[in-house]
Amino acid sequence: MITTLRGMKDIMPNDSALYEYIVKTCEDVARNYGFSLIKTPHLEQTTLFKRSVGESSDIVGKEMYQFIDKGDNDVCLRPEGTAGVVRAFIESKQDRAGGIYRYFYHGSMFRYERPQKGRLREFHQFGVESFGVASVLEDASVILMLAEIFNRLNIRYKLKINSLSDSQSMPKFRESLLNFLSLHENEICEDCKRRKELNPIRVLDCKEKKCQEIYQNAPVMIESLSDEAAAEFKKLQEILTANSINYEIDTKLVRGLDYYCKTAFEFVSDEIGSQSAIAGGGRYDRLVEYLGGKASYGVGFAMGIERIMEILKEHKSERNGAYLCALDSQNLDFIFGLGIKLRKNFKIEISYEAKKIAKHMQVADNKNCEIFLCVGENEHKNGEVFYKNLIDKTEKNIKINELEKELKI
Ligand code: HAM
């Protein structure tokens, strides 16, 4: 039998509805924030990722699906979306035109990592990239956008933020970090020795226990920020607080890609295993120029769709079945008949009592039902049922004859 490659997965119809639901939710929020769809190729020149994601990153150093094609070109399956979007931005001369451009994208990314739960070799991201805004308000906006997406999907998260300094303050920090690393040259791991040469700040998020212990005493980046970067980092925190977004400052958060400056952030979940990062992003003001374009501000994020699917499947398995009820006694016989019919195919909890919707909702919630179905006077008159998904909280009225189809989804 020919099977999928290791670390690659089919998304079969019973999961594809969830995939589409996640992408649709992200798209709705992104469009509300003024972002539009961009699609870039899966295959790009290898140089693009070497120059943007960076040679010190594990992605470029170890994980690229890189090969020479039949025309002798050195090409690579995209390991992430930002580099391709930046290339398209420059190639379409939008950097020269000036102005503000906001894009979103979703699709496959490829990294030759060791597969495990939540870590695939082909996975899907939903991401956004915004060009042309210098203000930290845009950094705050993309974080608020992600928070809104997770709220709509009913996903709990922890937000970690850091500031990776700017061109003014980075050289000073780099120097003090290099001095520190020289003192520990013989104790750090081989990867950190490589990172020290290529991009020293990347040592800070090394996963080796021994390195982590050493870096406890390393210089702290946010303590050496320029006045400008420090003020922006403070402003970002104020906006998050004003919008009731909890966050923690993680001074070791440097992200696995080389292109960031100033704001860096990561959303993590305690509902999945060790691969707990569900989204990450930050500002990359030098990248456009670095890839040959006219210097332009950039900030964005990407979210791992499979990791979100895992969490939502867990939620779903906790809740199941539908709760069917009536608001007034005239409809009790009707919902009883409807329930008997639906029970041929679905798990239905019928309430024999008419009462207020909030009371019914409470019972449905206590019984851990997934769907709430209710008939009141108006619904009965229109041949409809009020439908609420108790996992994602979406609600609508559905025609009685379309109810079975909806429950199947
Ligand atoms: P990243 O942190 O490398 O950032 O990836 C973003 C998200 O993709 C991660 O938080 C995770 O949910 C998911 N992910 C990464 N690797 C895997 C994997 N092997 N299997 C499953 N899911 C995975 C970026 O890619 C940047 N381009 C984000 C960005 C956009 N920064 C600015 N703009």
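From a predicted model like this one, the values you see are computed outputs, not experimental measurements.

A. Expanded view of the UniProt feature "domain: Aminoacyl-transfer RNA synthetases class-II family profile" (unreviewed entry) in the protein chain. Summarizing the sequence annotation, UniProt attributes the feature "domain: Aminoacyl-transfer RNA synthetases class-II family profile" (unreviewed entry) to residues 1-312 in the numbering used throughout. Helix and strand shares over residues 1-312 are 39% and 20% respectively, and the end C-alpha atoms of the span are 31 Å apart.

B. Structural context of the pattern of salt bridges. Inspection of the entire model under this criterion finds 34 salt bridges. The salt bridge partner of Lys-158 is Glu-248, with a shortest N-O separation of 3.9 Å. Of this pair, Lys-158 sits in strand 7 (residues 158-163) while Glu-248 sits in strand 8 (residues 248-249); the two residues are 90 residues apart in sequence, bridging distant segments of the chain. Judged by relative accessible area, Glu-248 falls into the partly exposed class, the value being 33%.

C. Up close: the site of the ligand. Taken together, 26 residues surround the ligand, and among them Glu-80, Thr-82, Glu-113, Glu-129 and Tyr-260 come closest. Residue Glu-113 places a side-chain N or O atom 2.7 Å away from a nitrogen atom belonging to the ligand. Between a nitrogen atom of the ligand and a side-chain N or O atom of Tyr-259, the distance comes to 2.9 Å. Of all the secondary-structure elements, those providing two or more residues to the shell around the ligand are strand 6 (122-131), strand 10 (277-283) and strand 11 (298-304).

D. Seen up close, helix 4 (residues 82-91). In terms of burial, helix 4 is a largely internal element, eight of the 10 residues being buried. Here helix 4 has its buried residues at Thr-82, Ala-83, Gly-84, Val-85, Val-86, Ala-88, Phe-89 and Ile-90. Packed against the buried residues of helix 4 are strand 2 (43-45), helix 2 (46-52), helix 5 (94-97), strand 5 (101-110), strand 6 and helix 11 (287-290). With its phi angle positive at about 65°, Lys-93 sits one or two positions after the end of helix 4.

E. Fine view of helix 6 (residues 136-152). Given a rise of 1.5 Å per residue, 17 residues ought to cover 24 Å, and the 24 Å separating the end C-alpha atoms of helix 6 matches this to within 8%. Counting buried positions along helix 6 gives 12 out of 17 residues, so the element sits mostly inside the fold. Residues of helix 6 that are buried include every one of Val-136, Glu-138, Asp-139, Ala-140, Val-142, Ile-143, Leu-144, Met-145, Leu-146, Ala-147, Ile-149 and Phe-150, and no others. Directly after helix 6, the chain includes Asn-154, whose backbone phi takes a positive value near 65°.

F. Quick look at a nonpolar patch on the surface. Nonpolar side chains collect at one region of the surface, where Phe-336, Ile-340 and Tyr-352 lie side by side and expose about 330 Å² of accessible area between them. Relative to the elements of secondary structure, Ile-340 occurs in helix 13 (residues 332-342). By relative accessible area, Ile-340 is classed as partly exposed at 44%.

G. Structural view of the packing of helix 6 against helix 10 (residues 227-242). Across the interface, helix 6 lies against helix 10 with an axial gap of 9 Å and an inter-helix angle of 40°. In the packing of helix 6 onto helix 10, the handedness of the crossing is right-handed. Touching Val-136, Leu-137, Asp-139, Ala-140, Ile-143 and Leu-144 of helix 6 are Glu-232, Lys-235, Leu-236, Ile-239 and Leu-240, all from helix 10. Looking at the contact of helix 6 with helix 10, its residues break down into eight nonpolar, no polar and three charged.

H. Quick peek at the nonpolar core. Phe-131, Leu-204 and Tyr-215 are the most contacted members of the largest nonpolar core, which totals 49 residues. Breaking this core down by element, the ones donating at least two residues are helix 2, helix 3 (58-62), helix 4, strand 5, strand 6, helix 7 (170-183), helix 9 (209-215) and helix 11. For this core, the leading source of residues is helix 4, giving six residues. The residues contacting Phe-131, other than those within four sequence positions of it, are Val-85, Val-86, Phe-89, Gly-99, Ile-100, Tyr-101, Tyr-103, Tyr-284, Val-288, Tyr-297 and Gly-298. Among the nonpolar cores identified, the runner-up in size contains 45 residues, and Ile-161, Phe-265, Val-299 and Ile-308 belong to it.

I. Representation of the side chain of Glu-370. Relative to the elements of secondary structure, Glu-370 occurs in the loop between helix 14 (357-366) and strand 14 (371-375). Beyond its immediate stretch of four places on either side in the chain, Glu-370 contacts Lys-316, Arg-319, Asn-320, Gly-321, Lys-388, Asn-389, Leu-390 and Ile-391.

J. Quick look at the sheet that holds strand 2. Ordered in space as 2-4-3, the three strands form an open sheet in which the pairing is antiparallel. Each having just a single partner strand, strand 2 and strand 3 (65-68) make up the two edges of the open sheet. The sheet shows a mean angle of 35° between the axes of neighbouring strands, direction not considered. Here strand 3 pairs with strand 4 (residues 74-77) via four bridges, running antiparallel. Residue Ile-68 lies in a different strand from strand 4, and its bridge partner there is Asp-74.

K. Molecular detail of the sheet that holds strand 14. Pairing is mixed in the open sheet, where five strands are placed in the order 13-12-14-15-16. In this open sheet, the two strands that pair with only one neighbour each are strand 13 (348-354) and strand 16 (395-399). Adjacent strand axes in the sheet meet at a mean angle of 25°, parallel and antiparallel pairs treated alike. Bridge analysis of strand 12 (residues 322-326) against strand 14 gives five bridges, and the strand direction is parallel. In the strand pairing of strand 14, Ala-322 is matched with Ile-371. In this fold helix 13 packs onto strand 12, strand 13, strand 14 and strand 15 (384-389), with an angle of close to 170° to the strand it touches most, strand 13.

L. Molecular detail of the side chain of Glu-232. By secondary structure assignment, the location of Glu-232 is in helix 10. Accessibility expressed as a relative area gives 18% for Glu-232, which makes it buried. Apart from residues lying up to four places away in sequence, Glu-232 is in contact with Val-136 and Lys-262.

What counts, and at which threshold
- Residues numbered from 1 in each chain as written.
- Predicted model: local features only at pLDDT ≥ 70, side-chain atom pairs only at ≥ 80, totals over all residues.
- Heavy atoms only, no water.
- UniProt positions renumbered as here; feature names shortened; annotations may be inferred.
- Helix = DSSP H or I, 4+ residues; strand = E, 2+ residues; numbered from the N terminus.
- Salt bridge = Lys/Arg side-chain N within 4 Å of Asp/Glu carboxyl O.
- Buried < 20%, exposed > 50% of the residue type's maximum accessible area, 1.4 Å probe, protein only.
- Near = heavy atom within 4 Å.
- Polar contact = N/O pair within 3.5 Å; in protein donor to acceptor, adjacent residues only side chain to side chain.
- Contact = heavy atoms within 4.5 Å.
- Expected span 1.5 Å × (residues − 1).
- Patch = residues over 30% accessible without salt bridge, like charges linked within 9 Å, V, L, I, M, F, W, Y side chains within 5 Å.
- Areas by Shrake-Rupley, 256 points an atom, 1.4 Å probe, with all protein chains shown as cover.
- Axes fitted to C-alpha atoms, helices over the stretch in contact; angles between N-to-C directions.
- Left-handed = near helix turned anticlockwise from the far one by under 90°.
- Nonpolar A, V, L, I, M, F, W, Y, C, P; charged D, E, K, R; others polar.
- Core = buried A, V, L, I, M, F, W, Y, C linked by side-chain atoms within 4.5 Å.
- Pairing = 2+ DSSP bridges.

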